[in-house]
Amino acid sequence: MKAINNVNSTIVPLPAENVDTDQIIPSRFLKATDKEGFGENLFRDWRYRNGDENHPVEDFVLNDPNYEGEILVAGKNFGCGSSREHAAWALADYGFRVVVSSFFADIFKSNALNNFILPVQVSEDYLQQIFEVSDKDHKAKLDVDLPAQTITIASTGDKQSFEISAYKKECLLNGYDDIDYLVNMKDDIVEYEKNREFSYEN
């Protein structure tokens, strides 16, 4: 599992709103159960004409050599639609570690966190600032500081805080899945049980 602490990276801007999970990873690619390989089909029907990899859509951002990085910046309501976890698998396999938007669908947000992708929700105004900076400078960077729970536009210094549950924050910082988290607490659990007072009622 890949822990997340600070992610300082150029960004991939995708200003489209209401991007649903079928657009992120089309349903015809959901047969596999292994997480590997989903990245090549990320936004498949937007990247290629008629889904044919021999006919890339030149102006789609993933096909534009000017843009690359570990941070995807998306429009409002990213990850809506079906609850497929494969959408998070595809983003992670492609190489994204952070997704920034002004609103995430709840199930997508949970799936992202469970797959070591940090969803950073910002205000609509701040999101537009990021898009404007990226439009002017294709190599613009964001600094995402998970311990401090802040995101900063490197070129301007504009900063905003974001929310994350304390539990998921600890998991991401340490590279824990749910089982790892419990295993890490094994000694504390054993100690608690040893010293616990039991009372029985007839």
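In what follows, the accompanying structure is described. Only a predicted model underlies this, so the values are computations on that prediction, with no experimental measurement involved. (Residues numbered from 1 in each chain as written. Predicted model: local features only at pLDDT ≥ 70, side-chain atom pairs only at ≥ 80, totals over all residues. Heavy atoms only, no water.)

## A look at the layout of surface pockets
Rolled over the atoms, a probe with the dimensions of a water molecule shows which regions are left empty. Heads up, the rule is: The method works on a 1 Å grid over the protein atoms by themselves. A cavity is a set of points holding a 1.4 Å probe that cannot get out, a pocket is an open set with protein on both sides within 12 Å along at least five of seven lines, and residues with an atom within 4 Å of a point line them. Grid points are joined across faces, edges and corners, and a volume is the space filled by probe spheres set on the points. In this text, helices come from DSSP runs of H or I with a minimum length of four residues, and strands from runs of E with a minimum of two, each type numbered from the N-terminal end. Here the nonpolar group is Ala, Val, Leu, Ile, Met, Phe, Trp, Tyr, Cys and Pro; Asp, Glu, Lys and Arg are the charged ones; every other residue, Gly included, is treated as polar.
Each pocket or cavity is described by its volume, and for the largest pocket that value is around 320 Å³. K2, A92, D93, N115 and F116 are, among the 16 residues lining the largest pocket, the residues nearest its centre. Residue contributions to the lining of the largest pocket peak at three residues, all from helix α3 (residues 86–94). Broken down by class, the residue content of the lining of the largest pocket amounts to seven nonpolar, three polar and six charged.

## Overview of the pattern of salt bridges
Threshold: Within this document, salt bridges are pairs made up of a side-chain nitrogen of Lys or Arg and a carboxyl oxygen of Asp or Glu, the two lying within 4 Å of each other. Exposure is judged per residue with a 1.4 Å probe applied to protein chains only, and the accessible area is read against the type maximum: over 50% gives exposed, under 20% gives buried, and values in between give partly exposed.
Evaluated as defined, the whole model comprises four salt bridges. The salt bridge partner of D22 is R84, with a shortest N-O separation of 3.0 Å. With D22 in helix α1 (residues 21–24) and R84 in the loop between β2 (71–74) and α3, this residue pair connects regions lying 62 residues apart in the sequence. In this structure R84 comes out as buried when scored by relative accessible area, which is 16%.

## Here's the deal with the packing of aromatic side chains
Applied cut-off: Stacked, tilted and edge-to-face are the three classes applied to pairs of Phe, Tyr and Trp rings, where Trp contributes its six-membered ring and a pair requires centres within 6.5 Å; stacked means planes under 30 degrees apart, edge-to-face means over 60, and tilted covers the rest.
This structure, assessed with the given rule, holds seven aromatic pairs. Arranged with centres 5.6 Å apart and planes meeting at 10°, the rings of F43 and W46 form a pair that is stacked. On the accessibility criterion, F43 (1% relative accessible area) is buried. Residue W46 is classed as partly exposed on the basis of its relative accessible area of 26%. Where Y94 meets F96, the ring centres are 5.3 Å apart and the plane angle is 25°; that geometry is what we call stacked. Site record: aromatic cluster; members linked through ring pairs are F43, W46 and F60.

## Here we look at the pairing of strand β3 (residues 98–101)
The following threshold applies: In this description, strands pair whenever DSSP reports at least two bridges between them. For a crossover, the right-handed case is the one in which the path from the first strand over the helix to the second runs clockwise, viewed with the strands pointing away from the viewer.
Residues V98 and V100 point to one face of β3 and V99 and S101 to the other, with burial holding for every one of them. Examined bridge by bridge, β2 and β3 share three bridges and lie parallel to one another. Bridged to V73 within β3 is V100. Viewed along the sheet, the connection from β2 through α3 into β3 turns out right-handed. Judged from the four bridges that link them, β3 and strand β4 (residues 118–121) form a sheet pairing that is parallel. Residue S101 lies in a different strand from β4, and its bridge partner there is Q121.

Function cannot be read off these values alone, since they describe shape.
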